[in-house]
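Here is how the chains run, residue by residue.
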Amino acid sequence: MTCDLSRFRKSGCRFCDKNLRQNKTLSGRSVGLPTQVCLGSRAGAVADPSRAACAPPPGDRALALRFACLCAGLAGLGALLHGLGIRAMLDDASHPLRDLVVLHSLLPRAIVALAAGAALSLAGMLLQRVQRNPLADASTLGVAAGAHLAIVAATAFAPDLGGLSREAVAFAGALAAAALVLGLTARQAFEPTSVVVAGMLVGLVCASASAALVLYGGQYLTSLFLWGGGSLAQQDWGPAKSLGIRLALAWLLAALLLRPLALLTLDDAGAGGLGLPVARIRTALLLLAVVLAGSVVAQVGVIGFVGLAAPNLARMLGLRTPRALLVAAPVLGGLILLLTDGIVQAIDRGSRLALPTGAVTALLAGPFLLLLLPRLSGLRPIASGTAHAPRSLARPWRSLTLLAGAVVVLVLAGLVLGRDRTGLVLAGPSDLALLLPWRLPRLAAVMAGGAMLAASGCVLQRMTANPLASPEVLGVSGAASFGLATCILAAPAAGLAAQVGSAALGAGIGLAALLAVARRAALQGSRMLLGGIALGALAGAGLTVIMTRGGLEAAMILAWITGASTQVDPALARLAVAGALASIAALALLARWLDVLPLGDSAALALGLPLGRAKLVLLTIAALATGVSALTVGPVSFVGLMAPHLARSTGFVGARWHLAGSVAIGCGLMAGADLLSRLVFYPYQMPVGLFASLIGAPYLIGAVLRKAGPRC
């Protein structure tokens, strides 16, 4: 169905009338548009020629009242909390510089909170509009993590930033991350779930690279994690002025693009038919959002959630037009961050924890995303993983035998090969007797972890038909990390049994939460993945809060979450091997389910598959295997993404062969990562989980380049 623009001309819509005059030469006919929206009316409202399209709806006053009440409440609470902090400082007679602290620290901090929150919310609104994705945000697209990595790399290798400003470096990193995410999801038409999953994976890559640079530089970690977590502490008015100027300019530019923003609610064909240069407008808006996000990261570090929450909160209030969102989103974002920072300062005064504001805002990201899930419509799984299946091997057992032989070679090399000042050395019989009790448990543990990650990735990719699905998306490994970090913080001298128990408890709680979300969404793959991302965001924010305390506990936690295997003992190795054997055996028995699920829910039901029970059982096994693997290789690794991809591209198509090939490749990847992490960085040893995640970065980039190549 289409609507005739001449009918809107009679109804008084000046915007449609202008477009009618611009297109009156097109074959002497009016331009047909989808019946989504009148360009001058509220987005999503079907045009009604019997009423003025641009007339204010009857509920406008109620919307304005709700918005004003919410803003007044947020502003009042934020001002009260900041006022209490200022009053406490002025009343502190023992502080000789209290007036200077108030004038040059506390007051600029409040202004920076308002400006940073408004800038991130404006960037989030633009990204959501450009991508037509309510989950788009500087954090979910990996933009903030890319900017953070660029600044860390520049600080490590070029402290003077090569003559560039910090904002320019952050912009370069943010733009590279955004380009990688968009490249990964271009084939899926930027489907919302794919964009969020790809953004999370790119964010993990950037976080792993940042941690590697910090460990390589040997720098003390507290200040870096405090800044990277989004600290709003200020020493002068410089950041406030810088962010304020950039926010004002960006807002003015966005205001000039109001009409293109309205047209972006249409599909590309409809917007292009009205003369909009869709590609140019999208590029301009994307660059504007990246500049805003990079500026905030350069000044105060990574602050998540705000850019996601404020635009969606405005839409929940009923404010949907670009004009309304351009005002409401920045206002709400600034007030949300002001209130959050006031709460953080109140906690700091009572506990001296020095919490980063960005980490506290990220703690709210998980629950808010779960709240947002029921409101999302049109999410669909990605079928590219099954639509273009590679040719199956005629004799897959031969290729599997070759893979097994390669794994054996890597195991032998890992046991006997080492390095000293003169170069590579082979351990003799006497040396091997001394090294075997140290190397064998560690090698067995990391290989078992790789096998479990590969098996979990195989299940997720076949279950969701999503080529970007991996165990990290479940969030269970992040929950296990948070459980272990809590144990180390509460009892640094706790033994291995207590640490394993705490990690298992965290993984169990995360699994229960994930299953609850998945069951509410009928175990739909897209919503299950988003629930896992929400759980991972919540656990990651909790880890950041714990890490900012510093001390030996922070170093212990960092070593574990990056996959350090130097403390693996025979007991933990036996646990990992037992978990790998149990999970792989269970999945092998359920291979028929894995063969049928990629065909789609309708076909699976027609073939008699108990769909709900099958998904629940497979999800439980994958989540438990992911949690156990996190005990040995840490929560950050891309083996679960790479191994199933490589196995499928090799020709292991059937479920059993795909599972076996994925497990063999996962074992080989982790065995190779363990060997290279000892040899490349001699005399130091990079954590094997972190090294494996760095291997995953070129794999992701290679996947982007292959997808961007010419099509047949």
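My aim in this report is to walk through the structure given alongside it, one point at a time. (Residues numbered from 1 in each chain as written. Predicted model: local features only at pLDDT ≥ 70, side-chain atom pairs only at ≥ 80, totals over all residues. Heavy atoms only, no water.)

1. Thoughts on the overall build of the chain
Stated precisely, the cut-off is as follows: Labels follow the DSSP assignment, with helices taken as runs of H or I lasting at least four residues and strands as runs of E lasting at least two, numbered in each case from the N terminus. Under the scheme applied here, a residue whose accessible area is under 20% of the maximum for its type counts as buried, over 50% as exposed, and between as partly exposed, the area being computed with a 1.4 Å probe on protein chains only. Residue contacts follow a heavy-atom distance rule, with two residues in contact if any of their heavy atoms lie within 4.5 Å. Method for areas: the Shrake-Rupley scheme with a 1.4 Å probe, in which residue coverage is limited to the protein chains shown.
The secondary structure content of the chain amounts to 31 helices and 4 strands. Burial status across the chain gives 54% buried among its 712 residues. Put simply, 78% of the contacts in the chain that link residues at least 6 apart link residues at least 24 apart. Summed over all atoms, the accessible surface of the chain reaches about 30,200 Å², with 67% contributed by carbon and sulfur.

2. A few points about the pattern of salt bridges
What counts, and what does not: Salt bridge, as used here, is a side-chain nitrogen of Lys or Arg placed within 4 Å of a carboxyl oxygen of Asp or Glu.
What the rule picks out here adds up to 4 salt bridges. Of the charged contacts, one joins Arg442 and Asp674 as a salt bridge, the two residues approaching to 3.5 Å between their closest N and O atoms. Taken together, the positions of Arg442 in helix H19 (residues 429-464) and Asp674 in helix H30 (residues 655-679) put the pair 232 residues apart, joining distant regions of the chain. A single burial state applies to Arg442 and to Asp674, both of which are buried. With its nearest N and O atoms 3.6 Å apart, the salt bridge here joins Arg462 to Asp595. Of this pair, Arg462 sits in helix H19 while Asp595 sits in helix H26 (residues 591-596); the two residues are 133 residues apart in sequence, bridging distant segments of the chain. On the basis of relative accessible area, Asp595 is assigned to the partly exposed category, the value being 36%.

3. Points about empty space enclosed by the protein
Just so we agree on the cut-off: Every definition here rests on a 1 Å grid over the protein atoms only: cavities are sets of points where a 1.4 Å probe fits but cannot get out, pockets are open sets enclosed by protein on both sides within 12 Å along at least five of seven lines, and lining residues have some atom within 4 Å of a point. Grid points are joined across faces, edges and corners, and a volume is the space filled by probe spheres set on the points. When residue character is reported, Ala, Val, Leu, Ile, Met, Phe, Trp, Tyr, Cys and Pro are called nonpolar, Asp, Glu, Lys and Arg charged, and the others, Gly included, polar.
Taken as a whole and judged by the stated rule, the model has 3 cavities of 30 Å³ or more. By volume, the second largest cavity amounts to about 40 Å³. What lines the second largest cavity is simply Leu120, Ala138, Ala144, Ala293, Val296, Val297, Gly301, Val302 and Ile303. By residue number, the principal contributor to the lining of the second largest cavity is helix H12 (residues 278-300), which donates 3 residues. Of the residues assigned to the lining of the second largest cavity, the class counts are 8 nonpolar, 1 polar and no charged.

4. Focus on the pairing of strand E4 (residues 423-426)
Selection rule: Paired strands are those between which DSSP finds at least two bridges.
Here strand E3 (residues 417-420) runs beside E4; their pairing, made up of 4 bridges, is antiparallel. Within E4, the position partnered with Gly418 by the bridge is Val425. Between the end of E3 and the start of E4, which pair antiparallel, lie 2 residues.

5. Things to note about helix H4 (residues 98-131)
Every α-helix winds through 3.6 residues per turn, so residues three or four apart in the chain are directed the same way. Quick note on the threshold: Under the convention used throughout, the expected extent of a helix is 1.5 Å for every residue step, that is, one less than its residue count. Bending is quantified residue by residue as the angle between axes fitted to the seven-residue window ending at that residue and the seven-residue window starting at it.
With 34 residues, H4 extends 47 Å from end C-alpha to end C-alpha; this agrees with the ideal 50 Å at 1.5 Å per step. The largest bend in H4 comes to about 25°, at Pro108. Counting buried positions along H4 gives 25 out of 34 residues, so the element sits mostly inside the fold.

6. Focus on the side chain of Asp341
Position of Asp341 relative to the elements: it lies in helix H14 (residues 322-351). A relative accessible area of 0% places Asp341 in the buried class. If sequence neighbours within four positions are ignored, Asp341 has contacts with His82, Arg109, Ala113, Leu232 and Thr357.

7. Here we look at the packing of helix H18 (residues 396-416) against H30
So the rule is basically this: Where helices are involved, their axes are fitted lines through C-alpha atoms of the stretch in contact, as for all axes, and angles between N-to-C directions lie from 0 to 180°. Relative orientations are named as follows: roughly parallel for angles under 35 degrees, roughly antiparallel for angles over 145 degrees, roughly perpendicular for angles from 65 to 115 degrees, and oblique for any other angle. Each crossing gets its hand from how the near helix is turned against the far one by less than a right angle, where anticlockwise is left-handed and clockwise is right-handed.
In contact at an axis separation of 9 Å, H18 and H30 are set at 20° when each is read in the N-to-C sense. It follows from the interaxial angle that H18 and H30 lie roughly parallel. When you trace H18 past H30, the crossing you get is left-handed. Facing Pro396, Trp397, Leu400, Leu403, Val407, Leu410, Ala413 and Gly414 of H18, the residues of H30 in contact are Trp657, Ala660, Gly661, Ala664, Ile665, Cys667, Gly668, Ala671, Gly672, Leu675 and Arg678. The residue makeup of the contact of H18 with H30, split by class, is 14 nonpolar, 4 polar and 1 charged.

8. A few points about H18
What counts is decided by this rule: The arc in question is the one traced by the directions running from the helix axis out to the C-beta atoms.
With 21 residues, H18 extends 31 Å between its outermost C-alpha atoms, agreeing within 8% with the 30 Å of an ideal straight helix rising 1.5 Å per residue. For H18, the set of buried residues is Pro396, Val407, Val411, Gly414 and Leu415. Across the axial projection of H18, the buried residues extend over an arc of 95°, all falling on one side. When the buried face of H18 is taken as reference, the exposed residues oriented beyond 90 degrees from it are Leu402 and Val409. Tucked into the core, H18 has its buried residues touching E3, H19 and H30.

9. Remarks on the nonpolar core
The test is simple: In this text, buried Ala, Val, Leu, Ile, Met, Phe, Trp, Tyr and Cys residues form a nonpolar core when linked through side-chain atoms within 4.5 Å.
Core analysis: the largest hydrophobic core is formed by 92 residues, its most contacted members being Leu122 and Leu126. Ignoring anything within four residues of it in the chain, the contact list for Leu122 reads Leu247, Ala250, Trp251, Leu292, Leu326 and Pro330.

10. A short note on the environment of Val291
Locating Val291 in the fold gives a position in helix H12. C-alpha of Val291 to C-alpha of Leu175: the two residues are 116 residues apart in sequence and 8.4 Å apart in space.

11. Here's the deal with a nonpolar patch on the surface
Put simply, the rule is: Within the patch definition used here, like charges are joined within 9 Å and nonpolar side chains (Val, Leu, Ile, Met, Phe, Trp, Tyr) within 5 Å, considering only residues with over 30% relative accessible area and no salt bridge.
Taken together, the side chains of Ile245, Leu249, Trp251, Leu252, Val327 and Val331 present a nonpolar region at the surface, about 520 Å² in accessible area. Those elements that provide at least two residues to the nonpolar patch are helix H9 (238-256) and H14. Considering every element that reaches the nonpolar patch, the biggest residue donor is H9, with 4 residues. Mapped onto the elements, Ile245 comes out in helix H9.

12. Focus: the environment of Pro683
Mapped onto the fold, Pro683 is located in the loop between H30 and helix H31 (688-708). Remark: the alpha-carbon pair of Pro683 and Arg421, spanning 262 residues in sequence, is separated by 8.5 Å.

13. Digging into the packing of helix H5 (residues 143-157) against helix H6 (residues 166-185)
Relative orientation of the contacting elements H5 and H6 amounts to 135°, with a least axis distance of 7 Å. One element, H5, and the other, H6, form an angle in the oblique class. The hand of the H5/H6 crossing is right-handed. Taken together, the residues of H6 that come into contact with H5 (itself represented by Val143, Gly146, Ala147, Ala150, Ile151 and Ala154) are Arg166, Val169, Ala170, Gly173, Ala174, Ala177 and Ala178. A class-by-class count of the residues in the contact of H5 with H6 yields 10 nonpolar, 2 polar and 1 charged.

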